Amino acid sequence: MDKRLLTIQDISCVGQCSLTVALPVISACGIETSVLPSSVLSNHTAFPSWTFNDLTADMNVILEKWLELKIDFDAFYTGYVSKAQIPVILDIMKKTARPGALRIVDPVMADNGKLYAGFDSDFPKEIRKLCNGADVIMPNLTEAGLLLDIPYDPVQTQGKIEKILKGLYKLGAKNVILTGCSFEEDKLGTATYNGTETVYYFAEKQSVSCHGTGDVFASAVAGALLRGKSVTQAAAIGADYVVESIKKTEADKNDHWYGVKFEKAIPYLLSKL
């Protein structure tokens, strides 16, 4: 039986992030990709204005139909969700998981030292419930600090990173991928930890910062894991795919400011699988 993944996160009708990245990227990896939008936006929130419609009320109705039809999944990948949706998501994972199903959690809630608008200070405590029991969690440094209730510190050392990794592991995840790690000015990458071993992977830091790269990374990691890659292999593939996506965008970065041209880099991603 082919593997089927369910991704639960918001969808922006315009703008390369969240479900508009996850669906094509994971599908391109050869994985049947089902979706459960947590909310729908006219466009993502880096635009000057947007519409937003929360879909929490639809989730239990959809779950009931899936249970009636005996629909189930080999993996779950969560992104941007609300506090009210977390109990429903945990219920979905419990009731629709095939044996040995993977739980992949990107605890999307913050960046650059700040919690995203719309989340209250209690949100990190709630999203820890998704992290507990997950096979892989993928926070950035800001999200890691919030999950651990420690101050955000942009100055990195190996000692600090490994302390963070151990703290995240204690939340109950089997594997941690910490993104945004850098010990050298021209390098940017990841640190993975499985409870015993820390593995770093660094790629060439690009001169531009682009919207949606976290979603590109997480989607590539999910696809790679479902293709049988190890956590460390998947993290390296995701990091390299982000770099390639940025390179495909650089020549048009002024007009194409709202995301990366990840579509043009899909052949590169597939070559790594």
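Please refer to the structure placed before this passage.
The notes below deal with the structure included here.

Quick notes on the rules
- Residues numbered from 1 in each chain as written.
- Predicted model: local features only at pLDDT ≥ 70, side-chain atom pairs only at ≥ 80, totals over all residues.
- Heavy atoms only, no water.
- Phe/Tyr/Trp six-rings, centres within 6.5 Å; stacked < 30°, edge-to-face > 60°.
- Buried < 20%, exposed > 50% of the residue type's maximum accessible area, 1.4 Å probe, protein only.
- Helix = DSSP H or I, 4+ residues; strand = E, 2+ residues; numbered from the N terminus.
- Contact = heavy atoms within 4.5 Å.
- Expected span 1.5 Å × (residues − 1).
- Arc of directions from axis to C-beta.
- Salt bridge = Lys/Arg side-chain N within 4 Å of Asp/Glu carboxyl O.
- Patch = residues over 30% accessible without salt bridge, like charges linked within 9 Å, V, L, I, M, F, W, Y side chains within 5 Å.
- Areas by Shrake-Rupley, 256 points an atom, 1.4 Å probe, with all protein chains shown as cover.
- Lys, Arg positive; Asp, Glu negative; His and termini not counted.
- Charge placed at Lys NZ, Arg CZ, Asp CG, Glu CD.
- Disulfide = S-S within 2.5 Å.

## Observations regarding the packing of aromatic side chains
We describe a pair of aromatic rings using the distance from one ring centre to the other and the angle between the two ring planes.
Point 1. All chains considered together, the criterion is met by 11 aromatic pairs.
Point 2. Plain terms: the ring middles of Phe119 and Phe123 are 4.0 Å apart, the flat faces sit at 15° to each other, and that makes the pair stacked. One exposure class covers both Phe119 and Phe123, and it is buried.
Point 3. Pairing Trp257 with Tyr258 gives two aromatic rings, centres 5.7 Å apart and planes at 90°, and the pair type is edge-to-face.
Point 4. Overall, Tyr258 belongs to the partly exposed group, its relative accessible area being 23%.
Point 5. Taken together through their ring pairs, the aromatic side chains of Phe47, Trp257 and Tyr258 make up a single cluster.

## A word on the environment of Arg98
Point 1. Along the chain, Arg98 turns up in strand 5 (residues 97-105).
Point 2. What makes Arg98 buried here is its relative accessible area of 11%.
Point 3. Each C-alpha atom of the pair Arg98 and Thr78 lies 17 Å from the other, and the pair is 20 residues apart in sequence.
Point 4. Excluding anything up to four places from it in sequence, Arg98 contacts Met1, Asp2, Arg4, Asp72, Phe73 and Asp74.

## Describing the side chain of Arg4
Point 1. Within the secondary structure, Arg4 is located in strand 1 (residues 4-12).
Point 2. When sequence neighbours within four positions are dropped, the list of residues in contact with Arg4 reads Glu32, Ser34, Ile71, Asp72, Phe73, Asp74, Ala75 and Arg98.

## Notes on helix 2 (residues 56-69)
Point 1. Along its 14 residues, helix 2 runs 21 Å from first to last C-alpha, staying within 8% of the 20 Å computed at 1.5 Å per residue.
Point 2. Taken as a whole, helix 2 has its buried residues at Thr56, Met59, Leu63 and Trp66. The buried residues of helix 2 all sit within an arc of 65° when viewed along its axis, so they share a single face. Residues of helix 2 that are exposed and angled more than 90 degrees away from the buried face: Ala57, Val61, Glu64 and Glu68.
Point 3. In this structure, the buried side of helix 2 is in contact with strand 1, strand 2 (32-41), strand 3 (52-54), strand 4 (73-78) and helix 3 (86-96).
Point 4. Positive backbone phi, approximately 60°, marks Lys70, located one or two places after helix 2.

## As for helix 7 (residues 213-226)
Point 1. Compared with the 20 Å implied by 1.5 Å per residue over 14 residues, the 20 Å span of helix 7 between its first and last C-alpha is a close match.
Point 2. Where helix 7 is concerned, the buried positions are Asp215, Val216, Phe217, Ala218, Ser219, Ala220, Val221, Ala222, Gly223, Ala224, Leu225 and Leu226.
Point 3. A positive phi of about 95° marks Gly228, the residue just after helix 7.

## Concerning the pattern of salt bridges
Two side chains carrying opposite charge are able to pair once their charged atoms lie near each other.
Point 1. This model, assessed by the stated rule, comprises 11 salt bridges.
Point 2. Across the pair Arg4 and Asp72 runs a salt bridge, and its minimum N-O distance is 4.0 Å. Of this pair, Arg4 sits in strand 1 while Asp72 sits in the loop between helix 2 and strand 4; the two residues are 68 residues apart in sequence, bridging distant segments of the chain.
Point 3. Glu68 is paired through a salt bridge with Lys65; the nearest N and O atoms lie 3.1 Å apart. With Glu68 and Lys65 both in helix 2 and three residues apart, this pair spans about one turn of that helix.
Point 4. Judged by relative accessible area, which is 53%, Glu68 ranks as exposed.
Point 5. Among the charged side chains, a salt-bridge network with shared partners connects Arg4, Glu32, Asp72, Asp74 and Arg98.

## Focus on a negative patch on the surface
Point 1. Taken together, the side chains of Glu184, Glu185, Asp186 and Glu204 make up a negatively charged region of the molecular surface.
Point 2. Tracing the backbone through its elements, the reader meets Glu185 in the loop between strand 9 (176-181) and strand 10 (187-193).
Point 3. Glu185 gets classed as exposed once you look at its relative accessible area, which sits at 77%.

## Quick word on the state of the cysteines
Point 1. Applying the stated criterion across every chain, the model contains zero disulfides.
Point 2. For Cys17, which is in no disulfide, the shortest distance to another cysteine sulfur is to Cys13 and amounts to 10 Å.
Point 3. The exposure class of Cys17 is buried, given its relative accessible area of 11%.
Point 4. Free of any disulfide, Cys131 has its nearest neighbouring cysteine sulfur in Cys181, separated by 16 Å.

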